[in-house]
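# Secondary and tertiary structure notes
Here is how the chains run, residue by residue.
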Amino acid sequence: MNALSTSSMPPVGGFISQPWERHTARLANRRLRSSVAVITAHGHIDASNADTVTEYTLGHLMRCRGLILDLCGLDFFGTEGFSALHRVSVCCARAGIAWAVVSGEAVCRVLRIVDPQGLLPAASTVEAAMAIVKDQPHRPPRPSRAAGTTNNPRGANARCA
């Protein structure tokens, strides 16, 4: 993973997920109101980098009460991207973190097929996603098998495996 130092991305925590052409997702993170993490992606999410995108997102959940995954800047979103969204959704539910995805055209195409009932919390803007996050009830983290162990002293809130 290479550090991203271009002026087109926010200076906080950006990187390029894959070095080869056409299979790159540029990711960045920032905080809104200090407790909502916003992960922004540009480029492509496919089988070559969906796991990296998931891990990057989950790595920024500590000390969050909310997550907004802004995918409106994607040019391509493969079905593996939906698997990544599902994993983020499960991890947020376990940790008691409200979340929403900002879906651009590429993501909407896939969601119409794989989520026709609209079960994922999707919005068209970051502001609308913030409203969804604020409307979701805060739930305490669910206990996990790893809670309280020496490897995971903070329990499910520390990180979803």
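Overview of the structure. The residue numbers shown here count from 1 along each chain, following its written sequence. Predicted model: local features are reported for residues with pLDDT of at least 70 only, side-chain atom pairs are reported and counted for 80 or more only, and whole-chain, interface and lining totals are derived from all residues. Hydrogens and water are ignored here; the side-chain numbers use all heavy atoms of the structure.

Right, let's talk about the nonpolar core for a bit. Judged by nonpolar contacts, the single largest core of 32 residues is most densely connected at I45, L67, L71, F77, L85 and W99. When contributions to this core are tallied by element, the ones reaching two or more residues are β3 (25-32), β4 (36-45), α1 (50-58), β5 (66-77), α2 (79-95), β6 (98-102) and α3 (105-114). Ranked by residue count, the leading element in this core is α2, at seven residues. Think of a nonpolar core as a cluster: buried Ala, Val, Leu, Ile, Met, Phe, Trp, Tyr and Cys residues, connected wherever their side-chain atoms sit within 4.5 Å. Exposure classes here rest on a 1.4 Å probe applied to the protein chains alone. A residue is buried below 20% of its type maximum, exposed above 50%, and partly exposed in between. If you look at the next biggest cluster of nonpolar residues, it comprises eleven residues, including A98, A123, V126 and A129. Secondary structure elements are taken from DSSP: a helix is a run of H or I of four residues or more, a strand is a run of E of two residues or more, and numbering for both begins at the N terminus.

Let us now look at the pairing of β6. When you tally the buried positions in β6, you get five out of five residues, the bulk of the element. Side-chain alternation along β6 places A98, A100 and V102 on one buried face and W99 and V101 on a second face that is also buried. By the criterion used throughout, a crossover qualifies as right-handed when its path from the first strand across the helix to the second strand runs clockwise, the strands pointing away from the viewer. Following the chain from β5 across α2 to the adjacent parallel β6, one finds a crossover that is right-handed. With two bridges connecting them, β6 and strand β7 (residues 122-123) associate as parallel partners. Note that in β7 the partner of V102 across the bridge is A123. Running through α3, the crossover from β6 to the neighbouring parallel element β7 is right-handed. Strand pairing is assigned whenever DSSP identifies at least 2 bridges connecting the two strands.

Examined bridge by bridge, β4 and β5 share nine bridges and lie parallel to one another. In the strand pairing of β5, H42 is matched with G73. Remark: the β4/α1/β5 crossover connection has right-handed handedness. Pairing of β5 with β6 involves five bridges; the strand directions are parallel. Bridge pairing in β6 places G66 opposite A98.

Attention now goes to empty space enclosed by the protein. Only protein atoms enter the calculation, which uses a 1 Å grid: trapped sets of points that fit a 1.4 Å probe without letting it out are cavities, open sets showing protein on both sides within 12 Å along at least five of seven lines are pockets, and any residue with an atom within 4 Å of a point is a lining residue. Grid points are joined across faces, edges and corners, and a volume is the space filled by probe spheres set on the points. For the coordinates displayed, the defined rule picks out two cavities of 30 Å³ or more. Taken as a whole, the largest cavity spans an internal volume of roughly 50 Å³. Lining the largest cavity we find I45, V53, T54, T57, L69, L71, F77, G81, A84, L85 and V88. Secondary-structure elements contributing two or more residues to the lining of the largest cavity are α1, β5 and α2.

All right, on to the packing of α2 against α3 then. Between the N-to-C directions of two axes lies an angle of 0 to 180 degrees, each axis being a line fitted to C-alpha atoms and, for a helix, fitted only over the stretch in contact. Look at α2 against α3: their axes get within 10 Å of each other, and the N-to-C directions meet at 75°. One element, α2, and the other, α3, form an angle in the roughly perpendicular class. Where α2 approaches α3, its residues T79, F82 and L85 are matched on the opposing element by V110, L111 and V114. The cut-offs work like this: below 35 degrees is roughly parallel, past 145 is roughly antiparallel, 65 to 115 is roughly perpendicular, and the gaps in between are oblique. The criterion used for residue contact is that any of the two residues' heavy atoms lie within 4.5 Å.

When a carboxyl oxygen of Asp or Glu is within 4 Å of a side-chain nitrogen of Lys or Arg, the pair counts as a salt bridge. Scanning the entire structure with this criterion turns up two salt bridges. Two residues, R87 and E55, come together in a salt bridge whose shortest N-O distance is 2.7 Å. Taken together, the residues span a long stretch of sequence, with R87 in helix α2 and E55 in helix α1 at a distance of 32 residues. Given the relative accessible area of 32%, E55 is considered partly exposed. In this structure, R109 engages E105 in a salt bridge whose closest nitrogen and oxygen atoms are separated by 3.1 Å. Of the two residues, R109 and E105 are both situated in helix α3; the distance of four residues between them amounts to about one turn of the helix. Residue R109 is classed as partly exposed on the basis of its relative accessible area, which comes to 40%. You can call E105 exposed: its relative accessible area is 63%.

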